Amino acid sequence: MDSSTLDALEFPLVLDKLAGFTQSELGKRLSLDLTPLSSIEELEAEQQLIKEIMPLMDTGTGLPVSGITDLAPYLSKRSLPGYFVTAENFLAILSTIDVVCELRAQARALINEEMPRLFSLTLKLPDLKELALKIRRAIDENGHIKDSASKKLKKIRTSLKKKREECRRLLRGYITQEGVEGEEDGEYVTIRDDRLVVAIKAPRHASIKGVIHGRSATGLTFFIEPMEALGINNDLAELKRDEIDEEIEVLRELTAALFEMADEITEALRIAALIDLVQAKVRFLKYISGVVPVFSSVAELKMDGSRHPLLLFKELDGGGKVIEVDIMLKAGPGVLIISGANAGGKTVALKSIGLLTLMAMSALPVPVREGSTFVFYENIHTDIGDRQDIAEDLSTFSAHLKRMSEILGESSAGTIVLIDEIGVGTDPTEGGAIALAMLETLIKRGVSVVVTTHLNFLKAHGATDAGFNNASVLFDESNGRPLYKIGYGAPGSSFGLKAAAKYGVPKEVIERARELTDVKESAFSESLLSFEEKKIELEAEIEKLKEVNRRREVALNRIRDDRKKLIDKAQKKIDLLMEKAQKKIDQVFAETKAVSRKAATGKVLEVKQEVMAPLLPKEEPYYPSPGDIVRISGSMREATVVSVDKNKKSAEILSGGLKIVSAWSKLKKVAAKAATKKHVPMDKNLSEVSRDAAYSVNVIGLRVDEALNEVSAFLDAAHVEGLSEVQIIHGHGTGALKNAIRKFLKESRLVGEVKSGTELQGGQGVTIAILK
């Protein structure tokens with residue numbers, strides 16, 4: 001893509017805005033260098049990164065990249081002999097390496113194989129923790145080399161400290177000689193010419209033998225290095241040189257470690273910059289309320305609700321609202337001719353096509369509605385704006401011809417060409433003829449073209465040639481204002497005379513201009529005007545119908561959603577009940593293998609009632625009365641209500657000679673059918689167990705397996721009878737039988753609580769089971 005096209009469509013201004021959403025200098029540089037990608041595969045890969053990183057930014061701030069700087073100025077010098085990085089610069093390098101380490105850690109914590117592109121990219125981030133540790137061991141937070149950077153350096157600095165203190169003690173002695181408090185009188189120890197000296201007031205300085213290193217500005221103070229301090233200062237100077245030499249050695253070793261990781265660091269910074277760019281694209285997408293562009297498989301350009309980015313930026317900065325424009329360009333080679341009123345939005349529409357396409361091809365979000373489709377063009381050429389150049393002796397028309405000649409030489413299939421005001425700057429007839437010949441040539445080469453024009457010659461051709469399509473920017477004649485929308489299928493009037501009236505041209509001048517207008521031209525313009533009026537009316541009706549259909553669709557979708565939710569809810573309920581029933585039945589079969597047929601039947605009936613209960617209509621609550629014939633839930637046996645306790649909502653019933661207390665909720669009134677009631681013979685053993693169940697079961701003297709069979713049958717019968725508490729008498733013995741029975745009870749689904757009997761009931765020789 002040539003730079004003139006990018007500049008003509010103001011693409012760099014979009015990149016400037018994008019760069020504002022980056023968080024590092026590397027990311028900003030990458031964003032400003034963006035250009036359209038060379039293949040659709042490369043483009044889709046970049047788009048995938050945006051889609052994968054978006055959820056991370058929806059739930060947080062994304063991956064850390066802020067603070068990363070370019071280390072190339074240091075790494076590029078690794079071939080220079082003797083070069084080493086300074087301590088201050090290592091502090092800046094460490095800051096960037098720390099961010100890379102944090103980025104790597106966050107990526108491993110947040111990114112998985114469900115984000116394949118991002119996962120693959122961040123997996124390449126090298127581990128720089130060891131390098132960061134080496135730098136941190138040697139350089140402190142102020143950019144100074146630590147004493148501990150090397151053993152030799154620590155030894156040298158320890159000696160330096162001792163020597164300095166020795167010299168200071170010596171020099172302070174000169175200040176306080178003869179009882180004079182020198183520091184209060186302007187005398188002190190200081191440094192001159194890198195040597196420790198004492199500042200002494202005149203004329204006392206004459207009494208001190210040594211080297212004078214200078215005088216104060218007033219001339220009243222002398223800076224003297226006493227003879228006794230010469231040797232110590234010499235030692236200090238030598239130690240200082242040793243210190244510098246060792247510091248350089250430390251920095252060289254660190255620099256070598258840095259250069260050893262140069263390739264890994266370069267790769268890490270490349271990845272970090274790319275992540276910064278991708279995250280900036282997500283922020284940009286939210287800023288413009290845009291979408292990740294979709295590319296058409298049939299090469300049809302369809303921009304629904306497009307907004308020119310630069311106008312949108314102004315709106316978002318507090319300017320006027322941008323009107324959305326629907327732009328369509330049919331698949332295949334052809335020419336779209338956009339005509340209509342001046343200042344009606346033709347050039348904005350033309351630039352929107354080019355600029356939004358450039359953004360889409362650069363893997364940038366675009367300000368259009370969902371459902372829009374873009375075309376991946378091989379190239380984009382433009383002729384927009386006045387290319388007049390006095391220095392090159394180019395008039396407006398000759399400049400356009402020069403540009404058109406370049407476009408004809410560079411355009412082929414897969415190219416889109418955008419031309420503003422084609423054929424202007426010369427005689428309209430000749431200009432129109434040249435323009436048409438050029439457009440026909442471009443069509444033959446398989447090029448897609450969009451032009452704006454006021455030439456009726458081209459508008460008329462657009463209505464007769466299948467390779468050409470007319471479109472117009474709509475204009476509301478009633479108030480003399482453009483609508484900034486595009487209508488397709490017909491050309492538009494330029495409304496030149498109306499524009500003249502709007503801008504104050506005298507009425508008589510306009511009337512004379514109307515008289516001078518060619519009859520055919522006038523008739524053509526009038527027919528366009530009439531057509532435009534009808535088209536505006538039709539557009540308004542279509543919009544009304546669209547709104548009706550939209551509301552209808554919303555209502556239908558709501559109904560469909562509600563119905564689907566009800567079906568899904570019912571299906572889930574049925575599935576859960578089926579699963580529950582299967583588990584219950586399996587459990588019943590497992591638990592009733594050693595129980596009689598009667599007990600098993602009772603269990604199955606209980607499961608049936610439990611599972612079917614949620615699906616059956618709720619029955620009216622039953623309030624028992626003495627004399628009622630009832631049946632306990634889960635039991636086939638009938639009983640007679642003896643008495644009722646309204647406070648506890650329970651009833652005492654008589655069943656088979658047993659008196660049982662049961663909650664009202666477990667009772668169901670039986671219709672009086674005594675005459676037709678069939679006698680159901682009961683299993684003898686079950687009957688005996690049921691009669692004893694009101695009190696207890698005695699298993700003393702039985703083996704464990706025999707006792708457990710008795711207890712199991714006893715519990716089933718007690719549950720069917722609706723008992724809430726039972727006793728198992730097992731005696732004391734060795735405790736084996738008691739332990740086995742209590743373990744069995746605790747694992748039983750029928751038992752809610754297990755405890756020992758009271759002293760009156762038999763203590764540890766009896767176990768009480770509270771039934772569920």
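As a reminder, the structure under discussion sits directly above these lines.
Draft legend 1. Quick look at the overall build of the protein chain. Within the protein chain one finds 23 helices and 21 strands. In the protein chain, which comprises 772 residues, the proportion classed as buried is 42%. Sequence-distant contacts, at least 24 apart, represent 68% of the contacts inside the protein chain between residues at least 6 apart. Carbon and sulfur atoms make up 54% of the accessible area of the protein chain, which amounts to about 42400 Å² in all.

Draft legend 2. Highlighting helix 15 (residues 428-444). Between its terminal C-alpha atoms helix 15 stretches 24 Å, which fits the 24 Å expected from 17 residues at 1.5 Å a residue. Restricting attention to buried positions, one finds in helix 15 the residues Gly431, Gly432, Ala435, Leu436, Met438, Leu439, Leu442 and Ile443. Packing partners of the buried residues in helix 15 comprise strand 7 (334-340), helix 14 (396-410), strand 10 (448-452), helix 16 (456-462) and strand 11 (468-476). A side-chain oxygen of the first residue of helix 15 lies 3.0 Å from the backbone nitrogen of Thr429; this N-cap is Asp427.

Draft legend 3. Inspection of the sheet that holds strand 19 (residues 725-729) at higher detail. Strand order in the open sheet made by the four strands is 18-19-21-20, with mixed pairing throughout. Either end of the sheet is taken by a strand with one partner, and the two such strands are strand 18 (696-698) and strand 20 (751-756). Pairs of neighbouring strands in the sheet enclose a mean axial angle of 20 degrees, with direction left out of account. Here five bridges tie strand 19 to strand 21 (residues 766-771), and the two strands are oriented antiparallel to one another. Of the residues in strand 21, the one forming a bridge with Val726 is Ala769.

Draft legend 4. Local environment of the sheet that holds strand 11. Strand order in the open sheet formed by six strands is 8-9-10-7-11-12, and the pairing between neighbours is mixed. Edge positions in the open sheet fall to strand 8 (379-383) and strand 12 (481-488), since each of these has one partner strand only. The sheet shows a mean angle of 15 degrees between the axes of neighbouring strands, taken without regard to direction. Of the pairings in the sheet, the one linking strand 11 to strand 12 comprises five bridges and is antiparallel in character. Bridging across to strand 12, Val473 finds its partner in Ile486. Across the face of the sheet, helix 14 comes into contact with strand 8 and strand 9 (415-419) while running at roughly 165 degrees to strand 8. Strands in contact with helix 15 are strand 7, strand 10 and strand 11; relative to strand 11, the strand with the most contacts, it is inclined by about 125 degrees.

Draft legend 5. Quick peek at the pairing of strand 21. Counting buried residues in strand 21 gives five out of six residues, a clear majority hidden from the surface. Here strand 20 pairs with strand 21 via five bridges, running antiparallel. Its bridge partner lying in strand 21, Lys755 is registered against Ile768.

Draft legend 6. Representation of the pairing of strand 6 (residues 325-329) in the model. Where burial is concerned, the two faces of strand 6 differ: the one with Val325, Ile327 and Leu329 is buried and the one with Asp326 and Met328 is not. Here strand 5 (residues 301-306) runs beside strand 6; their pairing, made up of four bridges, is antiparallel. Its bridge partner being in strand 6, Met303 is matched across the sheet by Ile327.

Draft legend 7. Broad picture of the packing of aromatic side chains. Tallied over the entire structure, the rule returns eight aromatic pairs. Ring centres of Tyr83 and Phe259 lie 6.2 Å apart, and the angle between their planes is 15 degrees; on these two criteria the pair is classed as stacked. Of the two residues, Tyr83 sits in the loop between helix 5 (72-75) and helix 6 (87-110) while Phe259 sits in helix 10 (residues 227-260), which places them 176 residues apart along the sequence. When the centroid spacing of 6.4 Å and the interplanar angle of 50 degrees are considered together, the rings of Phe295 and Phe374 count as tilted. Placement of the pair is Phe295 in the loop between helix 11 (262-288) and strand 5 and Phe374 in the loop between helix 13 (346-361) and strand 8, with a sequence separation of 79 residues. For the pair shown, Phe295 and Phe374 are each scored as buried. Following the ring pairs from residue to residue traces out a cluster consisting of Phe21, Phe284, Tyr287 and Phe313.

Draft legend 8. Structural context of helix 3 (residues 25-32). Within helix 3, the full set of buried residues consists of Leu26, Gly27 and Ser31. Projected onto a plane normal to the axis of helix 3, the buried residues spread over an arc of 135 degrees and lie on a single side. As for helix 3, its buried residues are in contact with helix 2 (11-19) and helix 11.

The rules behind these values
- As a convention, each chain's residues are numbered from 1 in the sequence order in which they are written.
- A pLDDT threshold of at least 70 governs which residues receive local features in this predicted model, and a stricter bar of 80 or more applies before side-chain atom pairs are shown or counted, although totals over entire chains, interfaces and linings include all residues.
- The basis for the side-chain values is all heavy atoms of the structure; hydrogens and waters are excluded.
- Each helix is a run of DSSP H or I of at least 4 residues and each strand a run of E of at least 2, with the numbering of both proceeding from the N terminus.
- Exposed residues in this analysis have more than 50% of their type's maximum accessible area, buried residues have under 20%, and partly exposed residues fall in between, with area computed by a 1.4 Å probe over protein chains only.
- In this description, contact between two residues means that some pair of their heavy atoms is separated by no more than 4.5 Å.
- Residue burial considers only the protein chains on display, and all accessible areas are found by Shrake-Rupley using a 1.4 Å probe.
- Between the first and last residue of a helix there are one fewer steps than residues, each counted as 1.5 Å, and that sum is the expected span.
- By the criterion applied in these results, polar contacts are pairs of N or O atoms within 3.5 Å in which, for protein atoms, one can donate a hydrogen and the other can accept it, and in which residues neighboring in sequence qualify only through two side-chain atoms.
- Any two strands with at least two DSSP bridges between them are considered paired.
- Only the contacting stretch of a helix is used when fitting its axis, a line to C-alpha atoms as for every element, and angles between N-to-C directions run 0 to 180 degrees.
- Between rings of Phe, Tyr and Trp, where Trp is taken as its six-membered ring, a pair exists when centres lie within 6.5 Å; planes separated by under 30 degrees are stacked, by over 60 edge-to-face, and by other angles tilted.
- Comment: arc refers to directions from the helix axis out to C-beta atoms.

Nothing here speaks to function; it is geometry throughout.
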